[in-house]
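# Topology and contacts: notes
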Amino acid sequence: MKIAVVGTGYVGLVTGVSLSEIGHNVTCIDIDLAKVNKMKKGVSPIYEPGLSELMLSNIEQKRLFFTTDHKEAFKDTEVIYIAVGTPENANGSANLKYVEQVAIDIASNVYRDTVVVTKSTVPVGTNHNIQRIIEKNLINKVKVDVISNPEFLKEGSAIYDSFNGDRIVIGSENDEAADKLEEINKPFGVPVYRTDIKSAEMIKYASNAFLATKISFINEISNICELLGANVEEVAIGMGLDQRIGNQFLKAGIGYGGSCFPKDTKALIQIAGNVDYDFQLLKGVVNVNRKQQKILLNKLEERIPSLKGKKIAILGLAFKPNTDDMREAASIVISKELIKSGARVIAYDPISMENAKSILDEKVEYASSIEDAIAESDATLILTEWDEIKHIDLDLFKSMEYPLIIDGRNCFDINKMKNSGIEYHSVGRPSVVSTNEKAYV
Ligand code: NAD
């Protein structure tokens, strides 16, 4: 089938590449000319495992194309996916200006009956509004059906998720259009759940809000474990054995980040507020997360009360491993606070340093390896559990006067750390204290 995908970010590009891989003829459109030129040459503008290889192979097989021209992309296209951003407004609501612009672009450029599939995460009622905008602005007498098809991929495993997702949700009020979308997706072999448009829109927000709730819940438990001397990892394993709870998303740490959970939780609070519903539980989840991002700083300041002039290494900058996405990463808040306290910050991340340079304070310095980052540091903070960081050679710390690690992702086994000679603090687990008399406090 001939398909157009509007927006080539993490969702649009992965969607376009995956649809071409299962045999469709796909044109991806973006307004960012530099990005499109890069993709035309087969270079992916984002890091996502497996993406570059599939992208190149489908370009070579002439099933995948890129353009900035909506007219060219929509020519003879039966189905158009909307995958542009829906970032956060200052009040937490979803900013729909990109989605609404695409609706106008579609209305001005379609010459045949078309199914429009919304992948972007949009508040309940938005797809009906997209339908209205398109119908109001149509320049040709054609029929357009708008369908909700929220995206559930996880950055870091997005390609894998496209082919192995738990479900594809199709929200539609038109069976023929929904049948078409189901047919397009058949080769993925992922179970399809069909529902009405508003419920589909809500499934996306409710799913992200629930996952964020699990994270804030286990983080609260981890803080209580620390005060009582229990170990949150043991607690999570014991809880997860109950099938009603499940063992996923029970990893304590420094909170959730990224381009989805922070904005989608706040947007759902707004969506509820618009119909005079006070979503108290979710407000708590958001507040807990805000607090949790800073717990490493509290732990550090307890050990080194004055950070002025101290060299602090940060290992891991991306909001999670296997992505270069820095949006809402804990490293943004933490590095800013450290710089404010007068510390010297040396950061290392295997993939996201280029993106980080345009986002973090300009005083942050960047190291080309873990070894360079931690050399002569007064403390090392771990913010992202990349494999490279989890498998770090702990002997690297041995030459230091007083090795101190504060780990926001519980990367190391506590028992192993006991014999390492390193003072080690993690999240929700007993600390490993050192007998080294050079201890700071
Ligand atoms: P992104 O910011 O990475 O990419 C959006 C792209 O759209 C940009 O390249 C931008 O240039 C382009 N764009 C904007 N207006 C355009 C227009 N009029 N025509 C063509 N291109 C245009 O966004 P993303 O992270 O891929 O997210 C897209 C949507 O999917 C959001 O609603 C998001 O909430 C949702 N989502 C994201 C994820 C994720 O993990 N990133 C997962 C599920 C759902």
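What counts, and where the lines are drawn
Residues numbered from 1 in each chain as written. Predicted model: local features only at pLDDT ≥ 70, side-chain atom pairs only at ≥ 80, totals over all residues. Heavy atoms only, no water. Helix = DSSP H or I, 4+ residues; strand = E, 2+ residues; numbered from the N terminus. Contact = heavy atoms within 4.5 Å. Salt bridge = Lys/Arg side-chain N within 4 Å of Asp/Glu carboxyl O. Buried < 20%, exposed > 50% of the residue type's maximum accessible area, 1.4 Å probe, protein only. Domains from an automatic or database assignment. Buried area = accessible area lost by both parts, 1.4 Å probe. Near = heavy atom within 4 Å. Polar contact = N/O pair within 3.5 Å; in protein donor to acceptor, adjacent residues only side chain to side chain. Areas by Shrake-Rupley, 256 points an atom, 1.4 Å probe, with all protein chains shown as cover. Nonpolar A, V, L, I, M, F, W, Y, C, P; charged D, E, K, R; others polar. Expected span 1.5 Å × (residues − 1). Patch = residues over 30% accessible without salt bridge, like charges linked within 9 Å, V, L, I, M, F, W, Y side chains within 5 Å. Arc of directions from axis to C-beta.

### Remarks on the side chain of D145
Mapped onto the elements, D145 comes out in strand 6 (residues 144-148). When neighbours within four sequence positions are excluded, D145 is seen to be in contact with T114, V115, V116, Q131, N174 and A177.

### Quick look at the pattern of salt bridges
One pass over the full model with this rule turns up 25 salt bridges. The partner of D242 in a salt bridge is R244, and the shortest N-O contact between them spans 2.8 Å. For R244, a relative accessible area of 76% translates into the label exposed. Here D387 ties to K390 by a salt bridge, and the two come within 3.8 Å at their closest N and O atoms. Note that D387 and K390 are positioned in helix 17 (residues 387-390) at a spacing of three residues, about one turn of the helix.

### Description of the domain arrangement of the chain
The assigned domain composition of the chain is domain 1 (2-195), domain 2 (203-292) and domain 3 (295-425). In this structure, domain 2 and domain 3 have C-alpha centres spaced 24 Å apart. Contact with domain 2, which involves 15 residues of that partner, is made by 13 residues of domain 3. Both sides together, the interface formed by domain 2 and domain 3 hides about 1,100 Å², and carbon and sulfur atoms give 50% of it. Among the residues domain 2 hides against domain 3, the three largest losses belong to I254, G258 and S259. Together they make up 44% of the total. Scanning the region where domain 2 abuts domain 3 turns up one salt bridge.

### Examining the site of the ligand
Taken together, 28 residues surround the ligand, and among them D30, K35, T86, E155 and K263 come closest. The contact in question runs from an oxygen atom of the ligand to an N or O atom on the side chain of K35, over 2.5 Å. One of the side-chain N or O atoms of E155 is found 2.7 Å from a nitrogen atom in the ligand. For the ligand, the accessible surface in isolation is 840 Å², of which the surrounding protein chains cover 90%. Of all the secondary-structure elements, those providing two or more residues to the shell around the ligand are helix 1 (10-21) and helix 5 (97-109). Classifying every residue of the shell around the ligand by side-chain character gives eleven nonpolar, nine polar and eight charged. Taken domain by domain, the makeup of the shell around the ligand includes at least three residues from each of domain 1 (2-195) and domain 2 (203-292).

### Quick look at helix 11 (residues 261-274)
Here helix 11 spans 20 Å end to end across 14 residues, near enough to the 20 Å set by a 1.5 Å rise per residue. Taken together, the buried positions of helix 11 are F261, P262, K263, D264, T265, A267, L268, I269, I271 and A272. Each element contacted by the buried residues of helix 11 is listed here: helix 9 (197-228) and helix 12 (280-292). Taken from the residues just after helix 11, D276 is the one with a positive phi, measuring 60°.

### A word on a nonpolar patch on the surface
Among the surface-exposed residues, I224, L227 and L228 lie close enough to one another that they form a single nonpolar patch of about 380 Å² accessible area. Within the secondary structure layout, I224 lies in helix 9.

### Considering helix 14 (residues 330-340)
Turning to helix 14, its buried residues number three or more, namely A330, S331, I334, S335, L338 and I339. Taken around the axis of helix 14, the buried residues stretch over an arc of 145°, which confines them to a single face. The exposed residues of helix 14 that point more than 90 degrees off its buried face are K336 and K340. Of the surrounding elements, those touching the buried residues of helix 14 are helix 13 (295-303), strand 9 (311-315), strand 10 (344-348) and strand 12 (379-382). Of the residues trailing helix 14, G342 is marked for its positive phi of about 90°.

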